[in-house]
Amino acid sequence: MKNTIVVGAQWGDEGKGKLVDVLAEQSDLVVRFNGGGNAGHTVMHNGETYKFHYMPSGMLHNKTCILGTGVVINPKDLLDEIESFTSSGHSPKLKISARAHIIFPHHQLIDAKEGGKIGTTGRGIGPTYSQKASRINLRVLDIIADDAEARIKTALKDVKDMLVLEGIYSEDDYKVYCNSVAVEYAGFGEKFKPYVTDTEDLVRIASNSAQAVLFEGAQGTLLDLNYGTYPFVTSSSTLAAAAFVGGGAIPGVPIRILGITKAYTTRVGEGPFPTELEGEAATNLREAGHEYGATTGRPRRVGHLDLYALRYAIRISGIQELAMTKIDTLALVSGIKVCTAYKINGKEIDYFPADAPTLAQVEPVYTDVPAITELSKEEWLALRNASKDQLPTSIQEYIKFIEDFVEIPITILSHGPERNETIVF
Ligand code: IMP
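About the criteria used
- Residues numbered from 1 in each chain as written.
- Predicted model: local features only at pLDDT ≥ 70, side-chain atom pairs only at ≥ 80, totals over all residues.
- Heavy atoms only, no water.
- Helix = DSSP H or I, 4+ residues; strand = E, 2+ residues; numbered from the N terminus.
- Buried < 20%, exposed > 50% of the residue type's maximum accessible area, 1.4 Å probe, protein only.
- Contact = heavy atoms within 4.5 Å.
- Areas by Shrake-Rupley, 256 points an atom, 1.4 Å probe, with all protein chains shown as cover.
- Lys, Arg positive; Asp, Glu negative; His and termini not counted.
- Charge placed at Lys NZ, Arg CZ, Asp CG, Glu CD.
- Core = buried A, V, L, I, M, F, W, Y, C linked by side-chain atoms within 4.5 Å.
- Pairing = 2+ DSSP bridges.
- Axes fitted to C-alpha atoms, helices over the stretch in contact; angles between N-to-C directions.
- Salt bridge = Lys/Arg side-chain N within 4 Å of Asp/Glu carboxyl O.
- Near = heavy atom within 4 Å.
- Polar contact = N/O pair within 3.5 Å; in protein donor to acceptor, adjacent residues only side chain to side chain.
- Domains from an automatic or database assignment.
- Buried area = accessible area lost by both parts, 1.4 Å probe.
- Nonpolar A, V, L, I, M, F, W, Y, C, P; charged D, E, K, R; others polar.

S.K.: Looking at this structure, how should I read the overall build of the chain?
M.R.: Broken down by element type, the chain carries 15 helices and 20 strands. If one aligns the C-alpha atoms of the chain with their principal axes, the spans along those axes are about 65 × 50 × 40 Å. Across the 425 residues of the chain, 56% fall into the buried class. Partitioning the contacts of the chain with sequence separation of at least 6, the portion at a separation of at least 24 is 75%. As presented, the chain carries roughly 17,600 Å² of accessible surface, and 50% of it is formed by carbon and sulfur atoms. Across the chain, 42 positive and 53 negative side-chain charges occur, with their mean positions spaced 4 Å apart.

Here it is, written out as structure tokens:
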């Protein structure tokens, strides 16, 4: 199969960046289709650590990388990322959709004021998508237009009342903001020009030829605006289906849908998390897995693998196979179990609750699993070409238990941040 969609199968931070980096080697185009600077991908290569918020992880393979129409972009942050990547000796082959929406400073201010309730990343994501849906926001094509300054000032007039009424700016401050941001963003537009194109056409041409396109999702399925744990979700669609809407994937062209799951569960920000660990057990797992957000540095909430939630994510996103990351971390902690059912009022349920307060109250039903065998880095690397039945028994059993429950295969196992710390079955 030439084309692949990679999506997170939990609440984000599953290790998509590393997997996309690994898969990008066999791809011609890498396309991001949702989210913005709320995403943070850490990729380690040749001892160097790269943190991407916008640029697809395929950049490290010098592949053409696309920021599709469904992405929202803070131009300053993206230009800084391009600059830092260029100054480390790389030349990004980046293409930006003319139709992608722009994040302005006022979106970040609204997010800072209102996003606390659900613990957003504060990057202005929700306000940008909501003004996109209200048809009052500007796109990349506006800031690169000859009359960009005038377009920005006009658009800002449309949101002035809302911003002044909400106390985000005083009347006087708003005037100053409009003038300065119009000049600044038109300047960013000038720098954007070489990268902007009709990205959907690039994807269409690649899909209809012998090229392989890799679609890289941001966040995770359970943070999806429609099917996630609303309202504790992000403001874009994070399902595989979003690659068609926001990335230009073509319905009917065969595509492989790969979901990424950690060997346990993490979540950043507020919202229900049925298998969350507390106290010392949480600290041990967090420290073992270095579970701190790549974008905000916030400590991640950690918990047991929730197979009940994972199966829901697989079903709604149409995930066909799984890559499991951080199996090495799980070997460092004791008392592992996996959640296989939810109970409400003592009775097992057969659906994934849509209502966040209900989900917060479910009682997870656990199955104990044997401790995962701890292997040294060398022992893991020696298993590079292993088949599943050549893995230590505890790992074989863990994989088999998960596969039987979720009814799809685990085809990739990741046991460290480097490219070669990956076993493809
Ligand atoms: P927003 O996307 O910044 O609006 O944040 C909404 C929710 O999604 C918050 O709970 C964030 O912590 C979470 N979130 C957004 N992006 C990511 C991500 O890349 N990884 C994990 N959680 C994320």
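Okay, back to it.
S.K.: Would you mind going over the nonpolar core with me for this structure?
M.R.: Most often, soluble globular proteins keep nonpolar side chains buried together rather than apart. I73, L78, L94, I96, I152 and F192 are the most contacted members of the largest nonpolar core, which totals 57 residues. It is helix α7 (residues 171-192) that contributes the most residues to this core, eight residues altogether. Contact partners of I96, with chain neighbours within four places excluded, come to L67, I73, L78, V140, F192, Y195, V196, T197 and T199.

S.K.: When you look at the sheet that holds strand β11 (residues 255-262) in this model, what are you seeing that I'm missing?
M.R.: Neighbouring strands of a sheet are bound in pairs by backbone hydrogen bonds; such pairs are parallel or else antiparallel. With respect to topology, 10 strands assemble into an open sheet ordered β9-β7-β5-β2-β10-β1-β11-β15-β19-β20, the strand pairing being mixed. Here the strands that pair on one side only, and so sit at the sheet edges, are β9 (196-197) and β20 (422-424). The sheet contact formed by strand β2 (residues 29-32) and strand β5 (residues 64-67) spans four bridges and is parallel. Within β5, the position partnered with L29 by the bridge is T64. Here helix α15 (residues 393-406) sits on the sheet and contacts β15 (321-325) and β19 (410-414); the angle it forms with β19, its principal contact strand, is near 140 degrees.

S.K.: Sorry, what's going on with the pattern of salt bridges here?
M.R.: Should the charged atoms of two oppositely charged side chains come close, the side chains can pair. Overall, the coordinates contain 19 salt bridges when judged by the stated rule. Residues D80 and K76 are paired through a salt bridge, measuring 3.1 Å at the closest nitrogen-oxygen approach. Of this pair, D80 and K76 both sit in helix α2 (residues 75-87), four residues apart, roughly one helical turn. Since its relative accessible area comes to 38%, K76 is described here as partly exposed. Taking the shortest distance from any N to any O, the salt bridge between R204 and D201 comes out at 2.8 Å. Of this pair, R204 and D201 both sit in helix α8 (residues 199-207), three residues apart, which is roughly one turn of the helix. On the basis of relative accessible area, R204 is assigned to the partly exposed category, the value being 38%. On the accessibility criterion, D201 (31% relative accessible area) is partly exposed. Linked by salt bridges that have partners in common, D13, K262, E291, R300 and K326 make up one network.

S.K.: How do you make sense of unusual backbone geometry when you look at a structure like this?
M.R.: Cis geometry marks the peptide bond from Y230 to P231; its omega dihedral reads 5 degrees. Phi at D13 takes a positive value of approximately 60 degrees, unusual for a residue other than glycine. Mapped onto the secondary structure, D13 falls in the loop between β1 (3-8) and α1 (16-24). The backbone of R135 shows a phi angle near 60 degrees, a positive value even though the residue is not glycine. Mapped onto the secondary structure, R135 falls in the loop between α4 (125-133) and α5 (140-143).

S.K.: Whenever I open this one, the pairing of β5 confuses me. Can you help?
M.R.: Working note: regular strand, side chains alternate between the two faces of the sheet. One ladder, built from three bridges, connects β5 with strand β7 (residues 94-97); its direction is parallel. Each bridged residue has a counterpart across the sheet, and for I66 the counterpart in β7 is K95.

S.K.: Before we go on, may I ask you to explain the site of the ligand in this structure?
M.R.: In the vicinity of the ligand, 15 residues are found, and the nearest of them are N38, T121, T234, V268 and R298. Taking T121, its side chain carries an N or O atom lying 2.6 Å from an oxygen atom of the ligand. R298 places a polar side-chain atom, nitrogen or oxygen, 3.0 Å from an oxygen atom of the ligand. Alone, the ligand offers 470 Å² of accessible surface; in the complex the protein occludes 97% of this.

S.K.: Would you take a moment to explain the domain arrangement of the chain for this structure?
M.R.: Domains assigned within the chain are domain 1 (3-71 + 200-424) and domain 2 (101-194). Listed as interface residues are 20 residues of domain 1 and, on the opposing side, 12 residues of domain 2. When the two sides are added together, the surface that domain 1 and domain 2 hide from each other amounts to roughly 1,100 Å², 53% of it contributed by carbon and sulfur. Of all residues in domain 1, the largest losses of buried area upon contact with domain 2 belong to N38, S235 and R298, amounting jointly to 33% of the total for that side. Across the domain 1-domain 2 interface, the total number found is zero salt bridges. Counting across the interface, domain 1 meets domain 2 through five residue pairs in polar contact (both at pLDDT 80 or more). Each residue belonging to the side of domain 1 that touches domain 2 can be placed in one class, and the counts come to five nonpolar, 13 polar and two charged.

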